[in-house]
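Spelled out, the chains give:
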Amino acid sequence: MANTTGLNTSEVAGSVGLILAAIVEAAALLGNGALLVVVLRTPGLRDALYLVHLCVVDLLAAASIMPLGLLAAPPPGLGRVRLGPAPCHAARFLSAALLPACTLGVAALGLARYRLIVHPLRPGARPPPGLVLTAVWAAAGLLGALSLLGPPPAPPPAPARCSVLAGGLGPFRPLWALLAFALPALLLLGAYSGIFLVARRAALWPPRPARGSRPRSDSLDSRLSILPPLRPRLPGGKAALAPALAVGQFAACWLPYGCACLAPAAQAAVAEAPVTWVAYSAFAAHPFLYGLLQRPVRRALGRLARQALPRPPRAWHLPALLQHLQGRSESPALGPSEAPEQAPDLPRRQSLSMPGAT
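Computed from a prediction, not measured in an experiment: that's the story for all the values here.

*Asks:* Describe in detail the overall build of the chain, supporting the description with residues and values.
*Replies:* Along the backbone of the chain there are 13 helices and zero strands. Overall, the chain shows an N-to-C arrangement of helices and strands of α-α-α-α-α-α-α-α-α-α-α-α-α. Here the chain, with 358 residues, has 34% of them falling under the buried criterion. Taking contacts inside the chain between residues at least 6 apart in sequence as the whole, the part at least 24 apart equals 82%. Carbon and sulfur atoms provide 69% of the accessible area of the chain, an area that totals close to 22100 Å².

*Asks:* Quick one: what's the story with the packing of helix H4 (residues 85–118) against helix H8 (residues 241–262), residue by residue and with numbers?
*Replies:* Packing of H4 against H8 leaves a shortest axis separation of 13 Å and a crossing angle of 145°. As H4 packs across H8, the resulting crossing turns out to be left-handed. In this structure, H4 uses Leu99, Cys102, Thr103 and Val106 to contact H8, whose residues at the interface are Phe250, Trp254 and Tyr257.

*Asks:* An account of the nonpolar core is needed here, citing residue identities and associated values.
*Replies:* It is characteristic of soluble globular proteins that their nonpolar side chains tend to be buried jointly. Core analysis: the biggest nonpolar cluster contains 63 residues, and Trp176, Trp254, Tyr257, Phe283 and Tyr290 have the highest contact counts within it. Contact partners of Phe283, with chain neighbours within four places excluded, come to Ala28, Asn32, Asp58, Ala61, Ile65, Met66, Leu99, Cys102 and Trp254.

*Asks:* Residues and numbers for the UniProt feature "transmembrane region" (unreviewed entry) in the chain, please.
*Replies:* In the numbering used here, UniProt assigns the "transmembrane region" (unreviewed entry) feature to residues 12–38, 50–73, 93–111, 131–149 and 175–199. For residues 93–111, the end-to-end C-alpha separation is 27 Å, with 100% helix and 0% strand making up the annotated structure. Taken end to end, residues 175–199 comprises 100% helix and 0% strand; its first and last C-alpha atoms sit 35 Å apart.

*Asks:* Tell me what's going on with the state of the cysteines, and back it up with residues and numbers.
*Replies:* The full count for this structure, using the stated rule, is zero disulfides. Between Cys253, a cysteine without a disulfide, and Cys102, which holds the nearest cysteine sulfur, the sulfur-to-sulfur distance is 9.2 Å. By relative accessible area, which is 8% here, Cys253 ends up buried.

*Asks:* Give a description of the packing of aromatic side chains that names residues and reports values.
*Replies:* Here a ring pair, both rings aromatic, is described through the centre-centre distance and the interplanar angle of the planes. Per the stated rule, a full pass over the model turns up seven aromatic pairs. On the numbers, 5.4 Å between centres and 85° between planes, the contact of Trp176 with Phe181 is edge-to-face. Judged by centre distance (5.2 Å) and plane angle (85°), the ring pair of Trp277 and Tyr280 falls under edge-to-face. Of this pair, Trp277 and Tyr280 both sit in helix H10 (residues 272–292), separated by three residues, roughly a single helical turn.

*Asks:* Mind laying out helix H2 (residues 48–63), listing which residues take part and the relevant values?
*Replies:* An ideal rise of 1.5 Å per residue puts 22 Å on 16 residues; H2 measures up with 22 Å between its terminal C-alpha atoms. Among the residues of H2, Ala48, Tyr50, Leu51, Val52, His53, Leu54, Cys55, Val57, Asp58, Ala61 and Ala62 are the ones counted as buried.

*Asks:* Residue-level account of the packing of H2 against helix H5 (residues 129–146), with values.
*Replies:* Running from N to C, H2 and H5 cross one another at 25°; their axes reach a closest spacing of 10 Å. Taken as axis vectors, H2 and H5 run roughly parallel relative to one another. Judged by the twist between their axes, the crossing of H2 over H5 is right-handed. Counted together, Leu49, Tyr50, His53, Val57 and Leu60 of H2 and Pro129, Gly130, Val132, Leu133, Val136 and Trp137 of H5 form the full contact between these two elements. Grouping the constituent residues of the contact of H2 with H5 by class yields nine nonpolar, two polar and no charged.

*Asks:* Tell me about the side chain of Asn32, and name the residues and values.
*Replies:* Here Asn32 shows up in helix H1 (residues 2–40). According to the relative accessible area criterion, Asn32 is buried, its value standing at 1%. If we skip the residues at most four places from it in the chain, Asn32 touches Ala27, Leu54, Cys55, Asp58, Leu59, Phe283 and Pro287.

*Asks:* Mind laying out H8, listing which residues take part and the relevant values?
*Replies:* For H8, built from 22 residues, the straight-helix expectation of 32 Å at 1.5 Å per residue is met to within 8% by its first-to-last C-alpha distance of 31 Å. Within H8, the full set of buried residues consists of Pro243, Ala246, Gln249, Phe250, Cys253, Trp254, Tyr257, Gly258, Ala260 and Cys261.

*Asks:* How would you summarise a nonpolar patch on the surface if you had to cite specific residues and measurements?
*Replies:* On the surface, Val12, Val16, Ile19, Leu20 and Ile23 cluster together to form a nonpolar patch covering roughly 470 Å² of accessible area. Mapping Ile23 onto the fold places it in helix H1.

*Asks:* Let's hear about the environment of Leu98: which residues, and what values?
*Replies:* Positionally, Leu98 belongs in helix H4. Using a relative accessible area of 5% as the deciding quantity, one classes Leu98 as buried. As a C-alpha pair, Leu98 and Leu60 span 38 residues in sequence and 7.9 Å in three-dimensional space. Among residues more than four places away in sequence, those in contact with Leu98 are Val57, Leu60, Ala61, Ser64, Ile65 and Trp137.

*Asks:* Which residues make up the confidence of the model for the chain, and what values go with them?
*Replies:* Taken as a whole, the chain shows an average pLDDT of 74; of its residues, 63% reach a score of 70 or greater. The secondary structure element of the chain with the lowest average pLDDT is helix H7 (residues 220–225), at 42, and the one with the highest is H2, at 93. Note that residues 220–236 has pLDDT below 50 and, in this model, 13 contacts with residues that lie over four places away or in other chains. This model gives residues 333–358 a pLDDT under 50, and the stretch forms one contact once residues within four places in sequence are excluded.

Rules used in this analysis
For every chain, the first residue of the written sequence is number 1, and numbering continues from 1 onward in sequence order. Side-chain atom pairs in this predicted model are given and counted only at pLDDT of 80 or more, local residue features only at pLDDT of at least 70, and totals for whole chains, interfaces and linings cover all residues. In computing side-chain properties, one takes all heavy atoms of the structure into account and sets aside hydrogens as well as water. Only DSSP runs of H or I reaching four residues or more are called helices, and only runs of E reaching two or more are called strands; each is numbered from the N terminus. Three exposure classes are used, based on accessible area relative to the maximum for each residue type with a 1.4 Å probe and protein chains only: buried under 20%, partly exposed in between, and exposed over 50%. Residue contacts are defined here by distance: any two heavy atoms, one from each residue, within 4.5 Å place the two residues in contact. Using a 1.4 Å probe, accessible areas were evaluated by the Shrake-Rupley method; residue-level cover was limited to the displayed protein chains. What counts as an axis is a line fitted to C-alpha atoms, over the stretch in contact for a helix, and the angles between N-to-C directions run from 0 to 180 degrees. For any pair of crossing helices, the crossing counts as left-handed if the nearer helix is rotated counterclockwise from the farther one by less than a right angle, and right-handed if it is rotated clockwise. For our purposes a nonpolar core is just a set of buried Ala, Val, Leu, Ile, Met, Phe, Trp, Tyr and Cys residues, chained together by side-chain atoms within 4.5 Å. UniProt positions are given in the numbering used here, feature names are shortened, and annotations may be inferred rather than shown by experiment. For the purposes of this analysis, a disulfide is any pair of cysteine sulfur atoms at a distance within 2.5 Å. Classification of ring pairs uses Phe, Tyr and Trp, with its six-membered ring standing for Trp, and accepts pairs whose centres are within 6.5 Å; under 30 degrees between planes counts as stacked, over 60 as edge-to-face, and the remaining range as tilted. Any helix carries an expected span of 1.5 Å times its number of residues minus one. By definition in this entry, angles of less than 35 degrees are roughly parallel, angles greater than 145 are roughly antiparallel, angles of 65 to 115 are roughly perpendicular, and the rest are oblique. The nonpolar class holds Ala, Val, Leu, Ile, Met, Phe, Trp, Tyr, Cys and Pro. Asp, Glu, Lys and Arg form the charged class, and all remaining residues, Gly among them, are polar. Patch membership requires over 30% relative accessible area and the absence of a salt bridge. Like charges are linked within 9 Å, and nonpolar side chains (Val, Leu, Ile, Met, Phe, Trp, Tyr) within 5 Å. Salt bridges are defined as contacts in which a side-chain nitrogen from Lys or Arg sits within 4 Å of a carboxyl oxygen from Asp or Glu. Confidence of the prediction at every residue is given by pLDDT, a number between 0 and 100.

Here it is, written out as structure tokens:
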């Protein structure tokens, strides 16, 4: 009885985990696809190339390593697909390359936004996005090549461990974790901390009015508008929302995976499934965090949604509808005999009101 209860509990947990993993997979595909369409059809976005790169990396991960996690991995995966040595090496390389491409791309996006906010009038301080993304992919390729130096996978009768955590990198796992997670985390934290400090400084010391500006009036409304608010709040609190969300999402999704990479391989293999899917949830969170929080992206998404949806028929209010129908029914029936009576009397009234010329 106890074995049956334990088996049912494990089956229920595996089913729930599989459903959640499928939801994360669908959200990553739909969210990144929609954001990519919106960014490509919205001219004028300052960090459009970085957003496109992030969407492409997330889509590649959602189309390659996430389905492998559903089909070939242990629970919450199905575990029904047995990968041979060559597909297992390919899965290891994709995981070891796409995850750093994602984290380094997020760090590059944060640094680009920092330079746009802190140094808006110094274009020379901003390197070309193409050069930055080329360096990101070069680093991701080198980190992916480290997975080929790990131990060979088990033969097909045994369960294949094709992930980075389960011995995919061998002795290079700590180095890979430091370059793939610790370095982007430090860059992202520095960038968004700088953005928050600039916003808080601007809220604490607003710019002084110009010398030639109009002096403030002495009315009651003017006096009330300069009073401090009744509910005190932290200066720059609204500007701190986006940096806090970005840093918090990065830490919540990637910190467990990075810590598991630093742990021994046997302990990392035990926590492989939950830690991996928590990291994969970052692919589904990026479209909402880096897309919908931007006002130009929200406006473009609303405009595209209005263009795609069919327009509803014209709504008539009852008085306007009755007036419209009466106007249509009376306009063809008007004749010379039904003309208003005031028109003939108008000259006579004017002649009576005007004094005669004597």
